[in-house]
Amino acid sequence: MKKIISYLAFTALMILAVTGCSKTEKDVVNDFRIKRGTNLSHWLSQSEERGEARRTHIQEDDFERLEQLGFDFVRIPIDEVQFWDEEGNKLPEAWELLTQALDWSVKHHLRAIVDLHIIRSHYFNAVNEGGKDANTLFTSEKAQQDLINLWYQLSEVLKGYSNDSVAYEFMNEPVAEKHEQWNQLVAKVHAALRKVEPQRTLVIGSNLWQGYQTIKYLRIPENDKNIVISFHYYNPMILTHYGAWWTPLAKYKGKVNYPGILISKEDFEAAPDSIKPELEPYLTQEWNIDKIRADFKDAIEAAKKYNVQLFCGEWGVYEPVDRDLAYAWTKDMLTVFDEFNIAWTTWCYDADFGFWDQQKNDYKDKPLVDLLMASKGLESEEPKE
């Protein structure tokens, strides 16, 4: 009898030892480490290209180039309209292009974030294009379930990729009337995705265009270390978007300075009256590296609070902007990114904020690339404890 009791006790202790020391799948922290990247924009998102033009827009040599330059990851924006028709049927070619891109990413040692950029129930720029009422996502249970269903289908195709190499950003630049609406949707989509992929890294941004100002209101699920907090930064817009036709500030034709006070009183007075209210802040606020640090403070604190990675998913300067100003701002941005170990993807690779010209198969802005690659990469990071 004693032998039986001893055997049972020994067995129980062994079970406790094994279960006590093992981790569940959701407790494992991925090796999805990122630092320097770029957006492959205006390809599977925000583009009317189809057929041969879309198939040849991004090729393997683009991934090879990014690897050789020293980038370690890419963000790949995708749109619902390119992947599903209005009846919800898959459009095969876009899916093939996405998986091919991810295969090339793996081959060329680039991690990838698949970013669901625009969906039919939510477009981040609708409020600026007169279509505010088209954003039904935050008021429709059906629209929210549709978003989850899109990700179930994406997961079914993408789940074979390593958790260390591919992450999901389940929506770009949310524009909810109330911050809590976005927080509730985050919780809902997170719970749904965790049922099918307990360990996949999820990228979650802040409300109102992923703004740094609202990241303090963002609430993400606690005790999930496979989350990356994301924000976007294009400030000061008068500099980064100077001359951009789609912005109200496109009417401004005066001079811009950086660093320092961005516009003079003389240029302000000469500007059209219709844009003066938007120009006024640039008359008094000094913009420099300290302003950038101050703007990033809430994002840095949020990442520390949740003990997760911080990622600036979009930042960059419109191509026509004076290059000396663009480089000065870029250098300050990179300095702050490196100081606080913030990962980043430039906006973008080959479009109107980019550094590569696909038509000419050559650099549009090699000095910008050199500046980006002078920043800290993954090889410079301290090993995790």
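Asker: Would you explain the packing of helix α6 (residues 141-158) against helix α7 (residues 179-196) in this entry?
Answerer: Helix-helix packing is characterised by the crossing angle of the two axes and by the distance between the axes. Relative to each other, α6 and α7 sit at 30 degrees, their axes nearing to 10 Å. With respect to α7, the axis of α6 lies roughly parallel. Like other packed secondary-structure pairs, α6 and α7 cross with a definite hand, here right-handed. In this structure, α6 contributes Glu141, Gln144, Leu147, Ile148, Trp151, Tyr152 and Ser155 to the contact, and α7 contributes Leu185, Lys188, Val189, Ala192, Leu193 and Val196. Residue composition of the contact of α6 with α7, grouped by class: 9 nonpolar, 2 polar and 2 charged.

Asker: Mind showing me how you'd approach the sheet that holds strand β1 (residues 36-39) here?
Answerer: Strand order in the closed barrel made by the 8 strands is β1-β2-β3-β4-β5-β6-β9-β10, with parallel pairing throughout. Looking at each pair of strands side by side, their axes are set apart by 25 degrees on average, direction ignored. The strands touched by α6 are β2 (73-79), β3 (111-118) and β4 (166-169); relative to β3, the strand with the most contacts, the crossing angle is about 155 degrees.

Asker: Help me understand the pattern of salt bridges in this model?
Answerer: Side chains that carry opposite charge are capable of pairing whenever their charged atoms lie near each other. Per the counting criterion, the structure on display carries 26 salt bridges. Of the charged contacts, one joins Arg75 and Glu169 as a salt bridge, the two residues approaching to 2.9 Å between their closest N and O atoms. A residue pair is termed long-range when its members are at least 10 positions apart, and Arg75 in strand β2 and Glu169 in strand β4 qualify at 94 residues. On the basis of relative accessible area, Glu169 is assigned to the buried category, the value being 0%. Across the pair Lys276 and Asp273 runs a salt bridge, and its minimum N-O distance is 3.1 Å. With a relative accessible area of 14%, Lys276 lands in the buried category.

Asker: Teacher, can you tell me more about the side chain of Thr240 here?
Answerer: When you line up the elements, Thr240 lands in helix α9 (residues 237-240). A residue is classified by how much of its surface remains accessible, and Thr240, at 0% relative accessible area, is buried. Only 2.6 Å separates the side chain of Thr240 from the backbone oxygen of Tyr234, close enough to count as a polar contact.

Asker: Can you walk me through unusual backbone geometry in this structure?
Answerer: Glycine aside, residues mostly have negative phi, and peptide bonds are mostly found in the trans state. Residues Asn235 and Pro236 are joined by a peptide bond in cis, for which omega reads 0 degrees. Along the polypeptide, Pro236 turns up in the loop between β6 (227-232) and α9. Cis geometry marks the peptide bond from Trp347 to Cys348, where omega comes out at 15 degrees. For Glu173, which is not a glycine, the phi torsion comes out positive at approximately 40 degrees. Mapping Glu173 onto the fold places it in the loop between β4 and α7. Phi at Asn307 takes a positive value of approximately 60 degrees, unusual for a residue other than glycine.

Asker: It is not clear to me how helix α15 (residues 366-373) should be interpreted in this structure. Could you clarify?
Answerer: Every α-helical turn comprises 3.6 residues, leaving residues that sit three or four positions apart pointing alike. Of the positions making up α15, those classed as buried are Leu368, Val369, Leu371, Leu372 and Met373. Looking at the buried positions of α15, the neighbouring elements they touch are β1, α3 (60-69), α14 (323-339), β10 (343-346) and β12 (362-363). Capping the start of α15 is the job of one residue whose side-chain oxygen sits 3.1 Å from the backbone nitrogen of Leu368: Asp365.

Asker: I keep staring at the environment of Val196 and nothing clicks. Help me out?
Answerer: Checked against the element boundaries, Val196 lands in helix α7. Overall, the relative accessible area of 39% leaves Val196 in the partly exposed class. Separated by 40 residues in sequence, Val196 and Glu156 have C-alpha atoms that sit 8.7 Å apart. If we skip the residues at most four places from it in the chain, Val196 touches Tyr152 and Ser155.

Asker: Is there a simple way to think about the confidence of the model for the chain in this case?
Answerer: Should pLDDT be low for a region, the predicted coordinates there are not to be read in detail. Overall, the prediction assigns the chain a mean pLDDT of 91, with 90% of residues at 70 or greater. Low pLDDT (under 50) marks residues 1-22, which in the prediction has 0 contacts with non-local residues, meaning those over four places away or in another chain.

Rules behind the numbers
- Residues numbered from 1 in each chain as written.
- Predicted model: local features only at pLDDT ≥ 70, side-chain atom pairs only at ≥ 80, totals over all residues.
- Heavy atoms only, no water.
- Axes fitted to C-alpha atoms, helices over the stretch in contact; angles between N-to-C directions.
- Helix = DSSP H or I, 4+ residues; strand = E, 2+ residues; numbered from the N terminus.
- Parallel < 35°, antiparallel > 145°, perpendicular 65-115°, else oblique.
- Left-handed = near helix turned anticlockwise from the far one by under 90°.
- Contact = heavy atoms within 4.5 Å.
- Nonpolar A, V, L, I, M, F, W, Y, C, P; charged D, E, K, R; others polar.
- Pairing = 2+ DSSP bridges.
- Salt bridge = Lys/Arg side-chain N within 4 Å of Asp/Glu carboxyl O.
- Buried < 20%, exposed > 50% of the residue type's maximum accessible area, 1.4 Å probe, protein only.
- Polar contact = N/O pair within 3.5 Å; in protein donor to acceptor, adjacent residues only side chain to side chain.
- pLDDT = per-residue confidence, 0-100.

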